[in-house]
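# Summary of structural features
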Amino acid sequence: MKTNLELALECAVNVYHRYAARHPMDDYLSLGEFSRLLKETAEPFLKNTVPPKTTTDNYIKQLFTKADANHDGRLKFTEFLTTLSLVAIDAHNRSHQGPGGDHGHDHGHGHDHGHDHGRGHSHRH
C-alpha cells in the first residue's frame, strides 16, 4: 500500500501532465494552464494561502513569476515543483499565525506540541 506522501507526489505528477499536455502539447505550463490547474484542483487550499490584500489571480501570477527560473514564460515540471513548495511554505507560515503562533505540532526543534507526525511515539519535555 502506498503512503500518503507517495500518493501526494504521484498526484502532483499526474496533475501536472493533465494540464501541461493540453494545447499546445508541449509538457510545459503556460500562465493560463497554471492558473486553471490551481483553480480547478486546489482552490480551497489556495484561498487559505493567498497573502492578505492579494487577489487569487495576483497570487498565482506571483507564484508563476517566482518559479519561472529561466524567464521563458512557461513552467517546466521542476519549476512547477517550485510553485508547490512556495504554496506549501505559505500554508505552513499561515498555520503559525494567531494567538501564540502554536498550532499543535512538532517541527523537530526539540519539543513536542501534542502529536508525533506518524513516528508512533511522543516525547514530552
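See the structure shown above.
This text gives an overview of the structure that appears in the document.

## Some points on the side chain of D68
- Checked against the element boundaries, D68 lands in the loop between α3 (56–67) and α4 (77–95).
- Buried and unpaired, D68 has no salt bridge, with R74 as the nearest side chain of opposite charge at 7.4 Å.
- Separated by 2.8 Å, the side chain of D68 and the backbone nitrogen of G73 make a polar contact.
- Filtering out sequence-adjacent residues up to four positions away, D68 remains in contact with G73, R74, L75 and E79.

## Some words on α4
- Across its 19 residues, α4 extends 27 Å between first and last C-alpha, which sits within 8% of the 27 Å expected from 1.5 Å per residue.
- Among the residues of α4, E79, F80, T83, V87 and A91 are the ones counted as buried. The buried residues of α4 occupy one face: seen down the axis, they fall within an arc of 130°.
- Tucked inside the fold, the buried residues of α4 contact α1 (4–20), α2 (31–49) and α3.

## Considerations on the nonpolar core
- Core analysis: the largest hydrophobic core is formed by 18 residues, its most contacted members being L29, F34, L37 and L38.
- Of all elements in the fold, only α1, α2, α3 and α4 reach the threshold of two or more residues within this core.
- Top contributing element to this core by residue count: α3, with five residues.

## Here's the deal with the layout of surface pockets
- In this structure, the largest pocket spans a volume of roughly 440 Å³.
- Forming the walls of the largest pocket are 15 residues, and the residues nearest its centre are A8, A12, A42, F45 and L84.
- Every element with two or more residues in the lining of the largest pocket is listed here: α1, α2 and α4.
- Per element, the largest residue contribution to the lining of the largest pocket is six residues, and it comes from α1.
- Looking at the lining of the largest pocket residue by residue, the class counts come to 14 nonpolar, one polar and no charged.

Rules and cut-offs
- Numbering of residues starts from 1 in every chain and runs along the sequence as written.
- Local features in a predicted model are, by the rule used here, given only for residues with pLDDT of at least 70; side-chain atom pairs are given and counted only at 80 or more, and totals for whole chains, interfaces and linings are based on all residues.
- Excluding hydrogens and water, the side-chain values take into account all heavy atoms of the structure.
- Secondary structure is summarised from DSSP: a helix means a run of H or I of at least four residues, a strand means a run of E of at least two, and numbering begins at the N terminus for each.
- Burial classes: relative accessible area under 20% of the type maximum marks a residue as buried, over 50% as exposed, and values in between as partly exposed (1.4 Å probe, protein chains only).
- Asp and Glu count as negative and Lys and Arg as positive, but His and the ends of the chain are not part of the count.
- We define a salt bridge as a contact between a side-chain nitrogen of Lys or Arg and a carboxyl oxygen of Asp or Glu at a distance within 4 Å.
- For the purposes of these results, a polar contact is taken to be a pair of N or O atoms within 3.5 Å, where, inside protein, one atom must be able to donate a hydrogen and its partner to accept one; residues adjacent in sequence count only when each atom of the pair is a side-chain atom.
- For this analysis, residues touch if any pair of their heavy atoms sits within 4.5 Å.
- Helix span, expected: 1.5 Å multiplied by one less than the number of residues in the helix.
- Directions drawn from the helix axis to the C-beta atoms are what define this arc.
- What makes a nonpolar core is a set of buried Ala, Val, Leu, Ile, Met, Phe, Trp, Tyr and Cys residues whose side-chain atoms join them at distances within 4.5 Å.
- Buried and open spaces are told apart on a 1 Å grid over the protein atoms alone, a cavity being a set of points where a 1.4 Å probe fits but cannot get out and a pocket being an open set with protein on both sides within 12 Å along at least five of seven lines. Residues with an atom within 4 Å of a point are the lining residues.
- Grid points are joined across faces, edges and corners, and a volume is the space filled by probe spheres set on the points.
- Think of it as three bins: nonpolar holds Ala, Val, Leu, Ile, Met, Phe, Trp, Tyr, Cys and Pro, charged holds Asp, Glu, Lys and Arg, and polar takes everything else, Gly as well.

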